[in-house]
Amino acid sequence: MRLLLIRHGQTPSNVRGALDTGFPGPGLTPLGHAQAEAVPTALAHESPAAIYASPLVRTQLTATPLAEALGLSLRVQPGLEEIAAGALEMRSDDDAVQAYGRCLEAWMRGDLDQTMPEAPDGHAFAERFDAALGEIAGRHGSEDTVAVFSHGAAIRVYTALRSDIDAEAAVELALMNTGMSVLNGDPRTGWALEAWRAEPLGGVELLDLAAHDVTGESADDEAHEGEG
């Protein structure tokens, strides 16, 4: 099947650089709503058979305009949540951001034994995301395209772990709000990376260059936040 893995729109925590990964999570900023409203037009060439979002509020708010435009029900799928920050939750200081980024980079390079402070390791993340996509794949045919609204770090790490992208290239990938990873394949045999859209689907005019969006930055940038 074909997956459109789409990051949620901008949140207040994305603006100020906080590692905000808990439940139920924040809503969207006015720009985040504009980014969400731009998604249906940006994906007018696509015909998704279904639309899924994580249990966190921000993904559901971002997915709603597309679901309404296509006349589809929005399905909430557990397992698509952001990578938990653990003891780093809601911190925005350089030490916390670097620690989060170093762990993501280790996972992208295949070291899944690394853990966030007081949070699950990379094996647990990969297993729960695999399970979520496995449930989705089980509901759809091999020719279906499905839109899945998830989170910046989760999409970046999962693409690095499960697609055919090289790890060195993966750690450099950024994913701005409503950016997208397009994967072809299935959870059993693996995924091929068809396309990577780092900027918002609605266009670069929907970027906030002043925001400190730590979960959308590349893992390499996160790991070296504040250095130099």
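Conventions adopted
Residue numbers run consecutively from 1 along every chain, following the written order of its sequence. Where totals are concerned, whole chains, interfaces and linings use all residues; where local detail is concerned, this predicted model gives features only for residues with pLDDT of at least 70, and gives and counts side-chain atom pairs only at 80 or more. With hydrogens and water excluded, all non-hydrogen atoms of the structure serve as input to the side-chain values. The pocket and cavity definitions rest on a 1 Å grid over protein atoms only: a 1.4 Å probe that fits but cannot leave marks a cavity, an open set with protein on both sides within 12 Å along at least five of seven lines marks a pocket, and residues lining either have an atom within 4 Å of a point. Grid points are joined across faces, edges and corners, and a volume is the space filled by probe spheres set on the points. The classification used treats Ala, Val, Leu, Ile, Met, Phe, Trp, Tyr, Cys and Pro as nonpolar, Asp, Glu, Lys and Arg as charged, and all other residues, Gly among them, as polar. Runs of E in the DSSP output that reach at least two residues are strands. Runs of H or I that reach at least four are helices, and both are numbered from the N terminus. Counting of polar contacts relies on pairs of N or O atoms within 3.5 Å, with two restrictions inside protein: one atom must be capable of donating a hydrogen and the other of accepting it, and residues adjacent in sequence are counted only when both atoms are side-chain atoms.

## Section: empty space enclosed by the protein
Here comes step 1: Scanning all chains against the criterion turns up one cavity of 30 Å³ or more.
Here comes step 2: Each pocket or cavity is described by its volume, and for the largest cavity that value is around 60 Å³.
Here comes step 3: Along the walls of the largest cavity sit His8, Thr11, Ser13, Asn14, Ala18, Asp20, Arg58, Glu82, His151 and Thr215, which together make up its complete lining.
Here comes step 4: Across the lining of the largest cavity, the residue classes break down as one nonpolar, six polar and three charged.

## A closer look at the side chain of threonine 215
Here comes step 1: Here threonine 215 lies in the loop between β6 (190-197) and α8 (219-223).
Here comes step 2: Of the polar contacts made by the side chain of threonine 215, one reaches the side chain of arginine 7; its length is 3.1 Å.

## Here we look at the layout of surface pockets
Over the atoms rolls a probe the size of a water molecule, and in doing so it shows where empty space is left.
Here comes step 1: Looking at the largest pocket, its volume works out to about 160 Å³.
Here comes step 2: Tallied by class, residues from the lining of the largest pocket come to six nonpolar, three polar and three charged.

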